[in-house]
Structures are given as C-alpha cells and as structure tokens.
Amino acid sequence: MSRIVNVGAAQMGPIAVDESRESCVARMIDLIKQAKSRGCQYVVFPELALTTFFPRYYEEDISRMDAWYETEMPSIATRPLFEAASEAKIGFYLGYAELTPDGHRYNTAILVDETGRINGKYRKVHLPGHYEHEAQRPFQHLEKRYFEPGDLGFGVWRQHNGIFGMAICNDRRWVETYRVMGLKGVELVSVGYNTPDLNTSGDEPNHLRMFHNHLTLQANAYMNATWVIGVAKAGVEDGCMLIGGSCIVQPSGEIVAQAMTLEDELVTATADLDLTRLGKETIFNFARHRRVEHYDIITSQTGAEIPSELSNAAE
Ligand code: CDT
C-alpha cells in the first residue's frame, strides 16, 4: 500500500465576472490533463473556483445572488470535471458556493476520490469580512453577508491511503483549524484561497499578505506534522489584485514547490505521507506532550478577556 502521493496545486488566474462555469471547468480540465501527464494522483483547486469572488458585490436582497451558488454537485456544468478527473484516476478538492435545498448558504469545499465519488464535504468556519456595504473600503468583502458559518466542523477522510482534511482561505490563519484535524491524525490538509493583496481594514504593507499566507500554512504544517497544500485564485480579478503563492508544504514546515505566476499554473510535488511520522511520533506526539488541563479556555471562551487579577511573574 503506497503512501506516496503525487500531488498538484492547481492555481487559477482570475475569473471574469461574466465568465461561465463551463469556461472555468474547461480551465480546470486542462489543469487535470497537465496533472495526468505529470503523474499526479490528487489535485487541489482554489476556493470558489467556479465563479469570480462574488462577495465583493453588495446586494440588498440576498436571493438575487442565487445564480452564484451551486444547488447540486456535480451539476451539468461541473460533471465534465468529475469525468475528466476520474478518467485520469485523479482525486481533487474543489471550492464553490453552496445553496442547500432548505436555503442555507455556505462557502464549501469537497474532496473527490479518484473514482469521481464525493468522499468528503467541508463548509468554511472562519468567515472573514463584513455584513453591510462599507463605503470607505476600495472593494467589499461580504462573506459574512452571503454565507453562514460552516456546520460540519473540521472532518478528516481516508483518501489515497492517508488521512485528508480541508479548510478554506481565512481558516488557514487559525491554529484551531489545524489542531482539530491534527487531533484526528490528519496527514494532508488542502486549502483553497482568494486573498486580496491589500488589507482594507487597516494600514498594512502589501508584502505582509504573502508573508502571512506562507507563515500560517508552514507553521501549522510543522506544528501538526502534516502536509499542507495552499492554492490561490490569483491575479487581477475585476480590478481587485489577488495574491498567488500557491504552494505545497511538507510536514517539516518547508515549502517544497511554489507557483511562479498569477495565472492558471500547476505546481507538483511527491508527498510521502510517512514523512508525517517523525513529527507525530516525537516533538508533536500529542498523547505524550499535550497538557489539556491548561487548555479549557480555548473552547470555553471566544474573545480575549484580561483576568481581573493578573499574576506577577516573580514568586
Ligand atoms: N476568502 C478569504 O477568506 N479571504 C480572506 C481575506 C482577508 S480578510 C477580508 C483571507 O483570509 O485571505
């Protein structure tokens, strides 16, 4: 049973506001064909990979945004991707906006196995941005308006003889995301993202957007002894610059392959899932070293609260 998986980070360039799902799927099928020719068995696509990043548009009546969401998966438009991938015996991660039959809206990713079967589903937990139009911003980021926080938690699934997990964009900045999956033995975490190169909430040099992207992917890979594949939708989309920097991170925390462009680009690496063992059995052997008696506050309290009595250092 091989635990060596040839993996691909299938970065996508911008998706135009009027670009059809069929066009996006055709681009993804081209990336699948490249992945096949390079021996990949698993490919990761970005967050919201079937449309432009529509939360940058404000709409008072949310139901008027329904056309941006998928109501079935696979659909007529996306089935060719499932067929191309299963024909190539490639599993994949795909991000899209989901509208459920009972009217819930989620920022969702699915894990599809090499036969084209949906093996797992994740709904984004850490939604960034704001609910209302905020005129002072150069562009809007209305994820809190258009999505509910995910209701499925951080699952893991058996795939490619390993344990695979998923997260979406802003989730990658939160240690809890990876630690919950780490406690389920995760060996490969896939993360699609759409990250503007500008922080519209405060003053911050643009270069920090890429630094924080890689910092969080690499640090959490190391601290949970897992592979992490981060995949961007990149380039100037509808006047908004999105960072690239898609990368494959090994369990040591080092980047082993990284995108060079802001366009559709496949980045590949050979992921030996057994490279997770060193960390999991030694420095990050959770069973041996974690001290849960000191961690209650992590799940019982959400925001920071300064204790009424601060202990002073020297006793
Ligand atoms: N899509 C997404 O989650 N983007 C956020 C943008 C920053 S906050 C508005 C991110 O974490 O990259």
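Report on the accompanying structure. (Residues numbered from 1 in each chain as written. Predicted model: local features only at pLDDT ≥ 70, side-chain atom pairs only at ≥ 80, totals over all residues. Heavy atoms only, no water.)

### Examining the site of the ligand
Move 1: Close contacts around the ligand come from 14 residues, with Glu47, Lys124, Cys169, Arg173 and Thr195 the closest.
Move 2: The backbone of Asn170 places a nitrogen or oxygen atom 3.2 Å from an oxygen atom of the ligand.
Move 3: Within the backbone of Asn194, a nitrogen or oxygen atom sits 3.1 Å from a nitrogen atom of the ligand.
Move 4: In isolation the ligand has 350 Å² of accessible area, and contact with the protein removes 88% of it. (Near = heavy atom within 4 Å. Polar contact = N/O pair within 3.5 Å; in protein donor to acceptor, adjacent residues only side chain to side chain. Areas by Shrake-Rupley, 256 points an atom, 1.4 Å probe, with all protein chains shown as cover.)

### Looking at the nonpolar core
One recurring pattern in soluble globular proteins is that nonpolar side chains are buried together.
Move 1: Counting 41 residues, the largest nonpolar core has Val7, Tyr42, Leu188, Val228, Ile229 and Ile248 as the members making the most contacts within it.
Move 2: Take this core: its biggest share by element is five residues, from strand 9 (residues 227-232).
Move 3: Setting aside anything within four residues of it in sequence, one finds Leu188 in contact with Val7, Tyr42, Ile163, Phe164, Gly165, Thr226, Trp227, Ile229 and Leu273.
Move 4: Listed in part, the 28 residues of the second largest apolar core include Cys40, Met73, Phe82 and Leu94. (Core = buried A, V, L, I, M, F, W, Y, C linked by side-chain atoms within 4.5 Å. Buried < 20%, exposed > 50% of the residue type's maximum accessible area, 1.4 Å probe, protein only. Helix = DSSP H or I, 4+ residues; strand = E, 2+ residues; numbered from the N terminus. Contact = heavy atoms within 4.5 Å.)

### Description of the sheet that holds strand 1 (residues 4-11)
Move 1: On the basis of which strands lie adjacent, the open sheet formed by six strands has the order 5-4-3-2-1-14 and mixed pairing. The two strands at the open ends of the sheet, each matched to only one other strand, are strand 5 (118-123) and strand 14 (265-272). Each strand axis lies, on average, 25 degrees off the axis of its neighbour in the sheet, ignoring direction.
Move 2: As defined by bridge partners, strand 1 adjoins strand 14 across eight bridges and the pair is classed as antiparallel. Each residue of the ladder has a partner; that of Val7, found in strand 14, is Ala269.
Move 3: Set on the sheet, helix 1 (residues 21-37) makes contact with strand 1, strand 2 (42-44), strand 3 (91-99) and strand 14; between it and strand 14 the angle comes to about 45 degrees.
Move 4: Where helix 2 (residues 79-87) meets the sheet, its contacts fall on strand 3, strand 4 (105-112) and strand 5, and the angle it forms with strand 3 comes to roughly 165 degrees. (Pairing = 2+ DSSP bridges. Axes fitted to C-alpha atoms, helices over the stretch in contact; angles between N-to-C directions.)

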